[in-house]
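# Breakdown of the fold
The lines below spell out each chain.
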Amino acid sequence: MSGPHTWVGASVPRREDPRLLTGRGRFVDDLERVGALSAAFVRSPVAAADINSVDLSEVTSAAGVRAAFSAAELGLAGLTALLEREEFVPTTMPILATGRVRYAGEPVAIVLADDPYAAEDGTELANVDYAPRRVVTSIDDALAGNAPDVHDELDANTFLAVTPFDDDVDDVFSTAECVVRTAMSSGRQNALPLEPRGCLAEWVDRDDQLVVHISSQVPHQVRTALARCLGLRERQVRVIVPDVGGGFGLKCVVGREEIAVAAAALRLRRPVKWIEDRREGLFASFLGREQRYRVRAAFDGEGRILALDADVHCDVGAYSVFPFTSGVEPLMAATELPGVYQVPRYRARARAVATNKAPTAPYRGVSRPQIVLVMERLMERAARELGIDAVAIRRRNLIDTFPYVGVNGITYDPGSYRESLDRCERRLRAEGWFELRDTAADRLIGIGFACFNERTGYGTEAFAQRKMSVVPGYDISEARMDPSGAVTVLTGTSAHGQGHETTLAQIAADQLGVHPDAVRIRQGDTDLVSYGWGTFASRSAAIGGGAVRLAAGKLAGRIRAIAAHLLETDETNIELADGWCRRRDDPDSAVPIAEVAEIAYLRAHRLPKDLEPGLSERATFDVLTSGTFSNATHGVVAELDPRTGQTRLLRYLVVEDCGVVINPKIVDGQVRGGVAQGIAGALYEQIDYDADGQPSAGSLIDYLVPTAAEIPEIDIEHLETPCAFTETGAKGMGEGGTIGAPAAVLGAVNDALRDTGVELDAVPITPEQVLRALERSR
């Protein structure tokens, strides 16, 4: 193959898969060190209490235990996540609980032993004297006038209360032909990656450096947090991320356990390893999703939306997480609620509410599954009230002129909003699903749609609008070619299953005229790149890929300059393809790229006078706009069993547009995985808490996760609207499947129930919920 952009767009097999599928992957738990100690944590059995004392004397005398530390003994600075907003109240999350616990499972002490079993046994010998406090377990409880304080600093248990859009819309609602309301809620979920959290920390005297191997999405942010908490220079901390078995947002915030492990390794000058077990991961790790919406929308008689008025509450748990803070969910919800629809007037209020539950992290989609649920329910209700087809009312309100500046101040770049809806509806009609729904008198069958966009490529400018004290955005890459012609690309992104080793190699290979197999991607090591923001918010292809393309392009320029000197022509006359540098005007006049590389290092006397030896280039890339928007329509056909309340998905269709598709096979995998997680949130997964703040899910027996048997075949159709703001033309797409699925599934379920008088406005849709609603309707 030859020519530009040969590899971008090709379904190249994932280079990661052979080692991962044959057990040759290298995860944190695969790492071994001579003399390493295992860590386990003493965790609070109660959700709210003062700590009168922590006695670890029996722990340290137990067989195999080498040390144990409480907060007082480690003496660490806590994690304080900041938003530079008057409406935000900062609080500090101590590394180990200090004086008080705020959720069941909060770490109180760390135990170090010869093996994980001895460490776990040691935790049971800790003598902690708790003085229980009143517990806050719901949004309503937290905001009640007599509610106990989760943090003394907070007013009404509120980390953040904002009204970012304050249009006086009451006049619109008083005269509108149609006003519809929805009261939506979503259950608390666990991201549940296949690989739980874990780390291995060791002090390396030779390098005067603490080296921490960790399962994370954000190695540089972990380095920053470790250095601050341990009082080290960032140079003295190296964070290395090996293979990672999923993150989904859970691992894009910094965990207190990893810092405690690093502190113990620093104190003892011995390697220390901690691997979270599944029980810890379920009740003591970062959670997500628990939100409540009270929204009304005004429509004219033709079904066009006139105004939107929203009140959003997010239960963010006991602490504000570093670096994104507790504000990420309410700010996302209030800012991006209008979504793909033309909303001329808008008012929104949002709160981050503290409760005695494990803190939340920005789980895949970050409020967008919920806001899409809200907007799709409003469209469906307005359609019913006005007697308009539910697809037609969506089509009537979709953004159709680009660039479009929304009422939220965001500029939407071109997308295929109407085309994706049209294609999705057309295919389902052609396949006979509408006819089956309308004629199957003895079956409850429904069809649901979700039209949405996914804001991706958040650059520095977009993140700065949130007023975080730590502002992500740009990314850095370095491309190097060695004397044999092999390429190493360094990137600040950090994969946890997305296939970066393949897609980023494709981008670089096109620039350099080599096969992707000649390109090695290095990521997840803070000593390789000066700073990187890791992988979250669907940023890696859009921003990380842009930096890779620029760095590889600059390196290609150096190669052309050398080749032009060797072939006695101008460098604009040099084409790189198939591993060769060729003159465009005389293709037979050529030199292998590998020979150019050899000259650059080993025979530098043959280089042009103005070129230094070696082949290495560095580049940065940032999206200097509101970001870019992928979009999609999901279409779902569902059947409801009125005897059991169970939902079965008969058909799932995705028509998606993420700009230039770098690797269709990998994009399909991302979409299918995202949809599976979205279906899980729509139908199965939820963690409840009792009045004492104890979580319902202690194991996977209690926390219902769908298997391959519950997930239908997911059919995907691609549209491509190239992005003008990214180097590759790609838009992010890693969260889209999760964003659209809950709304599409709920829409299908409500459509199946259309003749029963039942409407559901909460997820997950459990069989019990369906049966109770049907019983009430009777």
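Higher on the page you've got the structure.
Bear in mind that the values here come from a model prediction, so they are computed numbers and not experimental data.

Let us look at the overall build of the protein chain. Within the protein chain, the secondary structure is distributed over 21 helices and 33 strands. Over its C-alpha atoms the protein chain spans a radius of gyration of 27 Å, differing by no more than 12% from the 28 Å that the globule rule assigns to 778 residues. Out of the 778 residues belonging to the protein chain, those deemed buried represent 63%. For the protein chain, the share of sequence-separated contacts (at least 6 apart) that also reach a separation of at least 24 residues comes to 79%. Charged side chains of the protein chain number 83 positive and 111 negative; the gap between the two group centres comes to 1 Å.

What follows concerns the packing of helix 16 (residues 500-512) against helix 17 (residues 540-567). Closest axis-to-axis distance for the helix 16/helix 17 pair is 8 Å, and the angle between their directions is 35°. Our pair here, helix 16 against helix 17, has a crossing hand that is right-handed. Here helix 16 contributes His-500, Leu-504, Ile-507, Ala-508, Gln-511 and Leu-512 to the contact with helix 17, which in turn contributes Ser-540, Gly-545, Val-548, Arg-549, Ala-552, Gly-553, Leu-555, Ala-556, Ile-559 and Arg-560. The residue inventory of the contact of helix 16 with helix 17, partitioned by class, reads nine nonpolar, five polar and two charged.

Below, the discussion takes up the sheet that holds strand 19 (residues 346-354). The six strands are arranged 9-19-18-17-10-33 in an open sheet whose pairing can be described as mixed. With partners counted over all chains shown, the strands left at the sheet margins are strand 9 (158-166) and strand 33 (762-763), one partner each. Where strand 18 (residues 305-317) meets strand 19, nine bridges bridge the pair, whose relative direction is parallel. Across the sheet, residue Gly-317 finds its bridge partner in strand 19, namely Ala-354.

This part covers the sheet that holds strand 23 (residues 475-481). Ordered in space as 25-24-23-29, the four strands form an open sheet in which the pairing is mixed. The outermost strands of the open sheet, each flanked by one partner alone, are strand 25 (519-522) and strand 29 (616-621). Averaged over all adjacent pairs, the angle separating strand axes in this sheet is 20°, with direction ignored. Pairing geometry for strand 24 (residues 487-491) and strand 25, over four bridges, is parallel. Bridged to Leu-490 within strand 25 is Arg-522. On the sheet, helix 16 packs against strand 24 and strand 25 and is oriented at approximately 130° with respect to strand 25.

The bulk of non-glycine residues show a negative phi, and the bulk of peptide bonds are trans. Along the chain, Phe-322 connects to Pro-323 via a cis peptide bond; the corresponding omega equals 0°. On the secondary structure map, Pro-323 appears in the loop between strand 18 and helix 10 (328-336). Here the bond from Val-763 into Pro-764 is cis, since omega is 5°, no more than 30 degrees from zero. For Asp-578, which is not glycine, the phi torsion reads 55° and is therefore positive. Along the chain, the position of Asp-578 falls in the loop between strand 26 (574-577) and strand 27 (580-583). The exposure class of Asp-578 is partly exposed, given its relative accessible area of 43%.

It is at 9 Å that the axes of helix 11 (residues 368-386) and helix 12 (residues 390-397) come closest, and there the two elements cross at 120°. Crossing handedness for the pair helix 11 and helix 12: right-handed. Only Ala-390, Ile-393, Arg-394 and Asn-397 of helix 12 make contact with helix 11, whose side of the interface consists of Glu-376, Met-379, Glu-380, Ala-382 and Ala-383. Partitioning the contact of helix 11 with helix 12 into residue classes produces five nonpolar, one polar and three charged.

Counting 185 residues, the largest nonpolar core has Ile-110, Leu-308, Tyr-652, Ile-679 and Val-745 as its most contacted members. In contact with Ile-110, other than residues within four places in its own chain, are Ala-39, Ala-40, Phe-41, Ala-67, Ala-68, Phe-69, Leu-74, Leu-96, Ala-260, Val-261 and Ala-264. Ile-574, Ile-593, Val-596 and Ile-599 belong to the second-largest nonpolar core, a separate cluster that totals 44 residues.

By secondary structure assignment, the location of Arg-19 is in helix 1 (residues 17-21). Apart from residues lying up to four places away in sequence, Arg-19 is in contact with Arg-24, Gly-25, Asp-243 and Glu-501. There is a polar contact of 2.6 Å between the side chain of Arg-19 and the side chain of Asp-243.

Tracing the backbone through its elements, the reader meets Arg-188 in the loop between strand 10 (178-186) and strand 11 (189-190). Reaching out from Arg-188, the side chain makes a polar contact with the backbone oxygen of Ala-358 at a distance of 2.8 Å.

Scanning the entire structure with this criterion turns up 65 salt bridges. A salt bridge links Asp-243 to Arg-19, with the shortest nitrogen-to-oxygen separation between them at 2.6 Å. Highlighted residues: Asp-243 in the loop between strand 14 (237-240) and helix 8 (256-268) and Arg-19 in helix 1, separated in sequence by 224 residues. Neither residue differs from the other here; Asp-243 and Arg-19 are each classed as buried. With a shortest N-O distance of 3.0 Å, Arg-347 and Asp-309 are connected by a salt bridge. A residue pair is termed long-range when its members are at least 10 positions apart, and Arg-347 in strand 19 and Asp-309 in strand 18 qualify at 38 residues. Neither Arg-347 nor Asp-309 differs from the other in exposure class; each is buried.

Analysis parameters
Residues numbered from 1 in each chain as written. Predicted model: local features only at pLDDT ≥ 70, side-chain atom pairs only at ≥ 80, totals over all residues. Heavy atoms only, no water. Helix = DSSP H or I, 4+ residues; strand = E, 2+ residues; numbered from the N terminus. Rg over C-alpha atoms; globule rule 2.2 N^0.38 Å. Buried < 20%, exposed > 50% of the residue type's maximum accessible area, 1.4 Å probe, protein only. Contact = heavy atoms within 4.5 Å. Lys, Arg positive; Asp, Glu negative; His and termini not counted. Charge placed at Lys NZ, Arg CZ, Asp CG, Glu CD. Axes fitted to C-alpha atoms, helices over the stretch in contact; angles between N-to-C directions. Left-handed = near helix turned anticlockwise from the far one by under 90°. Nonpolar A, V, L, I, M, F, W, Y, C, P; charged D, E, K, R; others polar. Pairing = 2+ DSSP bridges. Core = buried A, V, L, I, M, F, W, Y, C linked by side-chain atoms within 4.5 Å. Polar contact = N/O pair within 3.5 Å; in protein donor to acceptor, adjacent residues only side chain to side chain. Salt bridge = Lys/Arg side-chain N within 4 Å of Asp/Glu carboxyl O.

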